[in-house]
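# Structural characterization, general
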Amino acid sequence: MGTSTHDIFGDAEGAQPAAPGTYGLAPKGYRLPEALSLGPVVLQIADLARSVDYYEQTLGLQLLDRTPTSARLGTHGPAITLVELREKRGARAAPRRGRLGLFHFAILLPDRPSLGRFVRHLDDINAQAGAADHLVSEAFYLQDPDNLGIEIYADRPRASWRRVKRELMMATDPIDIPSLVGAAGDTKWSGMPAGTVMGHLHLHVGDLEGAAAFYAEALGYDRTVWEYPGALFMGAGGYHHHLGNNLWAGKGATAPGADEAQLLEWTMHFPEAGSLELGVGSLEKAGHKVERQDRSVVVADPWGTKVRLTT
């Protein structure tokens, strides 16, 4: 994402406060509930020990449980799983371009001081990261040992969000790093704090019209940003986005091979069973095959990326 505000919105004349209900395009049929949230991502990686070390030491996740070939990491108090790692020994690192599926998963910190402490931690351990002010949030970007993309971010207050007509204003501008680190105060980074959640997923797709047909019209997301070059952002409950889709993998991008590091599935949490069943019905009505597994449902998007729907 290398586009400034002015590239998308011109001089942003006509920008207005993004009050609830004043922005976004709702799907024509089923609409996801406002209380929707995201759950863990499941990642295929090459070396479990190496990845556990990275997710603990660099990101500050807590190891919740581990088997010889898998591990769950997240936060304590209460224990919330954010990442599940599944080892496939010798799996090839994810390529920089040319693959559909994961662009990044995004872990949302509870406030700006927490993000400032994380940034100071990255500096302390000499870890490299990209950075961007997205107007609705401030974000830092990393690649794990298998080259899988990660975003760590904090939202700006919703009262500060702006819109142009029905479109929420998002951009990729420089971050004021001194201000952000200053917000951290004297408190040291001690790992992902309570209140950390999975904030959004961003996926490489084959075409944006197909992405809108599946994720908005069949699954029920609102479109929130649609003029961003090569990308489409969608959310539920007025959130800036729970899901991003882009074309940046390049023309002719293909699904990852079985021997590559990759996103195996991501998770959407519905507030109750009724809204989940309505969502499943909308997917089936649109012609998409769903697989029921215990108390959840798994469906693949048109490019093979799986999402688990559960309560």
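This text follows the structure it describes.
The model shown is predicted, which means the values in this text are computed figures rather than measured ones. Residue positions are counted from 1 within each chain, in the order its sequence is given. This being a predicted model, a pLDDT of at least 70 is required before a residue's local features are given, and a value of 80 or more before pairs of side-chain atoms are given or counted; all residues contribute to the totals for chains, interfaces and linings. Note that the side-chain values use all heavy atoms of the structure and ignore hydrogens as well as water.

## Side note on helix α3 (residues 112-124)
Rules: Here a helix means four or more residues in a row that DSSP labels H or I, a strand means two or more in a row labelled E, and each is numbered from the N terminus. Helix span, as expected, comes to 1.5 Å for every residue beyond the first. When accessible area is computed with a 1.4 Å probe and restricted to protein chains, residues below 20% of their type maximum are described as buried, those above 50% as exposed, and intermediate ones as partly exposed. By the convention used here, residues are in contact when the closest approach between their heavy atoms is within 4.5 Å.
If you check α3, its first and last C-alpha atoms are 18 Å apart, about what 13 residues at 1.5 Å a residue would give, namely 18 Å. Those residues of α3 that fall on the buried side of the exposure criterion are S114, L115, G116, R117, F118, V119, H121 and L122. Summarising the contacts, the buried residues of α3 are in contact with α2 (48-57), β9 (137-143), β10 (149-155) and α4 (177-183). Trailing α3 by a residue or two, N126 shows a phi angle of about 60°, which is positive.

## Overview of the nonpolar core
Side chains of a nonpolar character, in soluble globular proteins, are inclined to be buried together. This is how it is decided: Among the buried residues, those of types Ala, Val, Leu, Ile, Met, Phe, Trp, Tyr and Cys that are joined through side-chain atoms within 4.5 Å form a nonpolar core.
Grouped together as the largest cluster of nonpolar side chains are 70 residues, with contacts concentrated most on Y221 and W266. With sequence-adjacent residues up to four places away left out, W266 is seen in contact with L38, P40, V41, L201, L203, Y215, Y221, L243, T305, K306, V307 and R308. Ranked by size, the runner-up nonpolar core spans 15 residues in total, among them Y23, A106, F233 and Y239.

## Quick notes on the pattern of salt bridges
Under the convention used in this document: The salt bridge definition used is simple: a Lys or Arg side-chain nitrogen within 4 Å of an Asp or Glu carboxyl oxygen.
If you walk through the whole model with that rule in mind, you get 15 salt bridges. Between D222 and R31 there is a salt bridge whose closest N-O contact spans 2.6 Å. Of this pair, D222 sits in strand β14 (residues 222-225) while R31 sits in the loop between β1 (16-17) and β2 (37-38); the two residues are 191 residues apart in sequence, bridging distant segments of the chain. D222 sits in the buried class, given a relative accessible area of 8%. When the shortest N-O distance is used, the salt bridge between R112 and E138 registers 2.7 Å. Residue R112 is found in helix α3, and its partner E138 is found in strand β9; the two are separated by 26 residues along the sequence. A residue is classified by how much of its surface remains accessible, and R112, at 26% relative accessible area, is partly exposed.

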